[in-house]
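Chain residues, written in single-letter form:
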Amino acid sequence: YDEIFHWYHTCYRYGGNTDHGIDCSHFVNMLYEKIYGKTLGPSAGAILSQCKIVKKGLSAAKEGDVLFFKIKKGQVSHVGIYLQNNKFAHASTHAGVIISDMNEPYYKRHFYKVGRVKETVEEE
């Protein structure tokens with residue numbers, strides 16, 4: 001949470017990955033590198049490929065899971081980190097890095113899947 005609040009209200013910048021501006025996928029990737037020591041990738045699609053889909057969806061989401069949204073052209077185009085109590089941290093185009101609620105109509109409408117980052121070596 002300290003890391004999220006360090007970035008709180010940093011402006012959104014497409015392709016950005018600094019405290020002068022950051023986009024959603026770089027924000028998620030940066031958090032995973034700093035907190036979990038794992039690099040996920042620079043885009044929402046790359047991050048999706050590093051995750052196993054949580055079949056029960058949002059009701060089974062755990063802190064640290066990745067939320068995927070289809071906002072543009074039916075493709076996964078936005079990501080955030082699930083916190084708890086239906087809240088998630090992300091870099092929004094309008095407000096920069098913020099914490100939002102999945103009950104907000106906009107996020108409910110565009111929500112796609114919950115992903116859990118795969119371990120480097122998966123157990124069968």
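Above this note sits the structure.
Residues numbered from 1 in each chain as written. Predicted model: local features only at pLDDT ≥ 70, side-chain atom pairs only at ≥ 80, totals over all residues. Heavy atoms only, no water.

Judged by side-chain polarity, Tyr1, Phe5 and Tyr8 come together as a nonpolar surface patch covering roughly 310 Å² of accessible area. With respect to the element layout, Tyr8 can be found in the loop between helix H1 (2–7) and strand S1 (17–18). (Patch = residues over 30% accessible without salt bridge, like charges linked within 9 Å, V, L, I, M, F, W, Y side chains within 5 Å. Areas by Shrake-Rupley, 256 points an atom, 1.4 Å probe, with all protein chains shown as cover. Salt bridge = Lys/Arg side-chain N within 4 Å of Asp/Glu carboxyl O. Helix = DSSP H or I, 4+ residues; strand = E, 2+ residues; numbered from the N terminus.)

By secondary structure assignment, the location of His78 is in strand S5 (residues 75–82). We classify His78 as buried; its relative accessible area is 8%. There is a polar contact of 2.9 Å between the side chain of His78 and the side chain of His90. With residues near it in sequence (within four places) discarded, His78 still touches Cys24, Ala44, Leu67, Phe68, Phe69, Ile71, His90 and Ala91. (Buried < 20%, exposed > 50% of the residue type's maximum accessible area, 1.4 Å probe, protein only. Polar contact = N/O pair within 3.5 Å; in protein donor to acceptor, adjacent residues only side chain to side chain. Contact = heavy atoms within 4.5 Å.)

A few words on the pairing of strand S4 (residues 66–72). Within a regular beta strand, the side chains point alternately toward one face of the sheet and then the other, so they alternate between its two faces. Strand direction decides the pairing type here: S4 and S5, joined by six bridges, are antiparallel. Bridging from a neighbouring strand, Leu67 pairs with Gly80 of S5. By the bridge criterion, four bridges tie S4 to strand S8 (residues 111–117) in an arrangement that is antiparallel. Paired with Phe69 across the bridge in S8 is Phe111. (Pairing = 2+ DSSP bridges.)

On inspection of all chains with the given rule, the structure shows seven aromatic pairs. Ring centres of Phe69 and Tyr107 lie 5.8 Å apart, and the angle between their planes is 70°; this geometry places the pair in the edge-to-face category. Of this pair, Phe69 sits in strand S4 while Tyr107 sits in helix H4 (residues 105–110), placing them 38 residues apart in sequence. The exposure classification of Phe69 matches that of Tyr107, with both residues buried. Relative to Phe111, the ring of Phe69 lies with its centre 6.0 Å away and its plane at 75°, an arrangement referred to as edge-to-face. Of this pair, Phe69 sits in strand S4 while Phe111 sits in strand S8, placing them 42 residues apart in sequence. By relative accessible area, Phe111 is classed as partly exposed at 24%. The structure contains a cluster of three or more aromatic residues connected by ring pairs, namely Phe69, Phe88, Tyr106, Tyr107 and Phe111. The aromatic ring of Tyr112 is capped on one face by Lys113, whose charged end is 5.5 Å from the ring centroid. (Phe/Tyr/Trp six-rings, centres within 6.5 Å; stacked < 30°, edge-to-face > 60°. Lys NZ or Arg CZ within 6 Å of the ring centre and 35° of its normal.)

Take it as geometry only, folks, not as evidence of what the structure does.
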